[in-house]
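Residues per chain are reported as follows:
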Amino acid sequence: MALYRILVVDDEEAQRQMLAGFLEKQDFSVKTAESGKEAIILCQNNNFEIALLDLKMPGMDGIELLKKLKEMNTEIQVIMMTAYGTVETAVDAMRLGAYHYVNKPINLDELKLNISKALEKYYLLQENKYLKEELEGKFKDLQIIGSSQVINEVLSTVSRVAKTKSTVLIRGESGTGKEIVARAIHALSDRTDKRFVAVSCAALPETLFEAELFGHEKGAFTGAIRRKEGRFELADGGTLFLDEVGDIPLETQVKLLRVLESQEFERLGGKETLKVDVRIISATNQDLEEKIKGKRFREDMYYRLNVISILIPPLRERKEDILVLADHFIRKANLKCGKKVNGITPEVKDIILNYDWPGNVRELENVIERGVVLSRTDVIDKNDLPYLGLTKSREISSSINLSLREMEKNHILNILIASDWNLNKSAEILGIHRNTLRLKMKEYGIEKSRM
Ligand SMILES: Nc1ncnc2c1ncn2[C@@H]1O[C@H](COP(=O)(O)OP(=O)(O)OP(=O)(O)O)[C@@H](O)[C@H]1O
Ligand SMILES: [Mg+2]
């Protein structure tokens, strides 16, 4: 089974074919490019774990390409191939973030070893990222604020279902509070001393996703350097949160359904059947009924996940919550930034009540935090809300003077801010690949720290 994706870039056709053939035999999914330009296009639409780059190529050379690929995908592990390799260029490449280099003519055993070490590094980076997220999650503020009737209903459902083991499906647009609700259910349950394990079902190829959920034995596939416990095992006794559940590949849904019913599974490449006790909460911002009609989501899976359904409406449909949330976020931001802001001007009140909030509560939280940071007095005024300050009509009249590029830049920036700089979310909203978004940010000089 092809688990990991490798990009091979070399201007010599024979070399590309030889490497692709060799790597496919090792169960990698391989794509080849004959130039840096072609490689960049491939990278805009694919996530590769590994890239093998020829150092000397006409046009863009390997070093330049290495820099570009790292900008687009910081986690990609790059191995340089060089026939002309002076030690200096190899060292240069490593300083620029290459994992290693191999000399041409290529010794395939050496290459194989380098790839498997590079995969281990990739895998460790992923693992660290996950542990960091889990730790951050533990310290998240779980207070669910709101005075609207719907939020009160959500809260009452949360407290009623917390003590049961029923599966819960939480639905709502991006940033409405699905994860905080899932965490609150776990916190109020009898499982609270066990783990809350979150897994994003988006953006992983099928087999890698299964390895993530069920774990794998050592040697189950290339790159399975040691045994790994899956998320189901980690969540034993606790709660497993399947985020963006609408993105689970159909094949995986079949397997997952069996596991959800029996709470039994095997690690990939393993014979032993493991039994767990896991409570499942899932979340999605997609229209699952529509997906079922289009045969992209299984109906039986839907019923299994949707025993209890919680719908969180978008913020624009529960305007009663806006001011209480703003107040709450001002207090939070004060603590964080050591400020003493105590309110907003009537004009700001008007703006935030009439704004559409496409990024929902997350966007409001970001806007308020920026307002607190920027405020020069003890109230947030209109000048502290840089991009919200534009009312709809002003936005249109001022945009007449903008070039397409400027419009694109502004739009990208707004979406990034609204999504709290979540690249996956922003790319999804913009309808482009994450790597393409990274490239555009670079091109327009958009950086979080500078905004
Ligand atoms: N009712 C609420 N009270 C207080 N904070 C909230 C509320 N709803 C959302 N938040 C805050 O807004 C942010 C976004 O919430 P959360 O991550 O739960 O949204 P989400 O629906 O999971 O979004 P996405 O679909 O983008 O993953 C978080 O920082 C969360 O703490
Ligand atoms: Mg979420």
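Caption draft 1: Inspection of the overall build of the protein chain at higher detail. Assigned secondary structure in the protein chain consists of 19 helices and 16 strands. What you see for the protein chain is a C-alpha radius of gyration of 25 Å, in line with the 22 Å of a compact globule of 451 residues. For the protein chain, the spread of C-alpha atoms along the principal axes amounts to about 70 × 60 × 45 Å. A buried classification covers 49% of the 451 residues belonging to the protein chain. As displayed, the protein chain offers around 22300 Å² of accessible surface, 52% of which is attributable to carbon and sulfur atoms. Charged side chains of the protein chain number 68 positive and 70 negative; the gap between the two group centres comes to 2 Å.

Caption draft 2: A look at the sheet that holds strand β13 (residues 279-284). A sheet is described by the order of its strands in space; here 5 strands give the open sequence β7-β10-β13-β6-β14, paired in parallel fashion. Looking at which strands have only one partner, the edges of the open sheet turn out to be β7 (196-200) and β14 (308-311). Here the average twist between neighbouring strands, direction ignored, is 20°. Bridge analysis of strand β6 (residues 168-171) against β14 gives 4 bridges, and the strand direction is parallel. Opposite L169, over in β14, you have S309 as the bridge partner.

Caption draft 3: The pairing of β13, seen in detail. Of all 6 residues making up β13, 6 are buried, and the element is well covered by its neighbours. Relative to β13, β6 runs parallel, the two being bridged by 4 bridges. Pairing of V168 across the sheet is with I281, part of β13. The pairing of strand β10 (residues 239-243) with β13 spans 4 bridges and is parallel. Counted as the bridge partner of L240 is I280 from β13.

Caption draft 4: Just the site of ligand 1, in detail. Residues in contact with ligand 1 amount to 17 residues; listed here are only the nearest, I145, S174, G175, K178 and E365. S174 has a polar side-chain atom sitting 2.7 Å from an oxygen atom of ligand 1. At 3.0 Å from an oxygen atom of ligand 1 is found a main-chain nitrogen or oxygen belonging to I180. Coverage of ligand 1 by the protein amounts to 91% of the 640 Å² it exposes when considered alone. Listing elements by their share of the shell around ligand 1, those giving two or more residues are α7 (178-188), α13 (320-337) and α15 (360-374). Grouping the amino acids of the shell around ligand 1 by side-chain chemistry returns 6 nonpolar, 5 polar and 6 charged. Inspection of the shell around ligand 1 shows a minimum of three residues originating in each of domain 2 (140-313) and domain 3 (316-450).

Caption draft 5: Representation of the environment of E369 in the model. Structurally, E369 can be placed in helix α15. For E369, a relative accessible area of 26% translates into the label partly exposed. Sequence separation of E369 and C337 is 32 residues, and the distance between their C-alpha atoms is 8.9 Å. A distance of 3.1 Å separates polar atoms of two side chains, one belonging to E369 and the other to K336.

Caption draft 6: Spatial organisation of the domain arrangement of the protein chain. If you check the domain split of the protein chain, you get domain 1 (5-123), domain 2 (140-313) and domain 3 (316-450). Once you take the C-alpha centre of each, domain 1 and domain 2 turn out to be 36 Å apart. Listed per partner, the contact involves 10 residues of domain 1 and 9 residues of domain 2. Summing both sides of the interface, domain 1 and domain 2 together bury roughly 730 Å²; the carbon and sulfur share of this comes to 55%. Its largest share of buried area at the contact with domain 2, domain 1 owes to R5, E120 and Y123, together 59% of the area lost on that side. Linking domain 1 to domain 2 there are 1 salt bridge. Here E120 ties to R226 by a salt bridge, and the two come within 2.8 Å at their closest N and O atoms. In terms of residue count, the dominant contributor to the side of domain 1 that touches domain 2 is helix α5 (residues 108-138) (4 residues).

Caption draft 7: Looking closely at the sheet that holds strand β1 (residues 5-9). Strand order in the open sheet made by the 5 strands is β2-β1-β3-β4-β5, with parallel pairing throughout. Across the chains shown, the open sheet's two edge strands, defined by having one partner strand only, are β2 (29-33) and β5 (100-103). Going across the sheet, the axis of each strand differs from the next one's by a mean of 20°, ignoring polarity. In this structure, strand β4 (residues 77-82) lies alongside β5, joined through 4 bridges in parallel fashion. What sits directly across from T82, in β5, is N103.

Caption draft 8: Spotlight on the packing of aromatic side chains. The final tally for this structure, using the stated rule, is 6 aromatic pairs. On the numbers, 5.3 Å between centres and 70° between planes, the contact of Y302 with Y303 is edge-to-face. For Y302, a relative accessible area of 11% translates into the label buried. Seen from their ring centres, Y355 and W357 are 4.6 Å apart, and the 85° between their planes marks the pair as edge-to-face. One aromatic cluster in this structure is built from F214, F232 and F265.

Caption draft 9: Main features of the nonpolar core. Counting 30 residues, the largest nonpolar core has L213, F232, L240, L242, L256, I280 and M301 as the members making the most contacts within it. Those elements that place two or more of their residues in this core are β7, α8 (206-214), α9 (231-234), β10, α10 (250-262), α11 (288-293) and α12 (299-305). If you tally residues by element for this core, the top one is α10, at 4 residues. Excluding anything up to four places from it in sequence, L240 contacts V197, V199, R231, F232, A235, V278, R279, I280 and I281. One finds L3, V30, A211 and A224 within the second-largest nonpolar core, a separate group that totals 26 residues.

What counts and what doesn't
Residues numbered from 1 in each chain as written. Chains lettered and ligands numbered in written order. Predicted model: local features only at pLDDT ≥ 70, side-chain atom pairs only at ≥ 80, totals over all residues. Heavy atoms only, no water. Helix = DSSP H or I, 4+ residues; strand = E, 2+ residues; numbered from the N terminus. Rg over C-alpha atoms; globule rule 2.2 N^0.38 Å. Buried < 20%, exposed > 50% of the residue type's maximum accessible area, 1.4 Å probe, protein only. Areas by Shrake-Rupley, 256 points an atom, 1.4 Å probe, with all protein chains shown as cover. Lys, Arg positive; Asp, Glu negative; His and termini not counted. Charge placed at Lys NZ, Arg CZ, Asp CG, Glu CD. Pairing = 2+ DSSP bridges. Axes fitted to C-alpha atoms, helices over the stretch in contact; angles between N-to-C directions. Near = heavy atom within 4 Å. Polar contact = N/O pair within 3.5 Å; in protein donor to acceptor, adjacent residues only side chain to side chain. Nonpolar A, V, L, I, M, F, W, Y, C, P; charged D, E, K, R; others polar. Domains from an automatic or database assignment. Contact = heavy atoms within 4.5 Å. Buried area = accessible area lost by both parts, 1.4 Å probe. Salt bridge = Lys/Arg side-chain N within 4 Å of Asp/Glu carboxyl O. Phe/Tyr/Trp six-rings, centres within 6.5 Å; stacked < 30°, edge-to-face > 60°. Core = buried A, V, L, I, M, F, W, Y, C linked by side-chain atoms within 4.5 Å.

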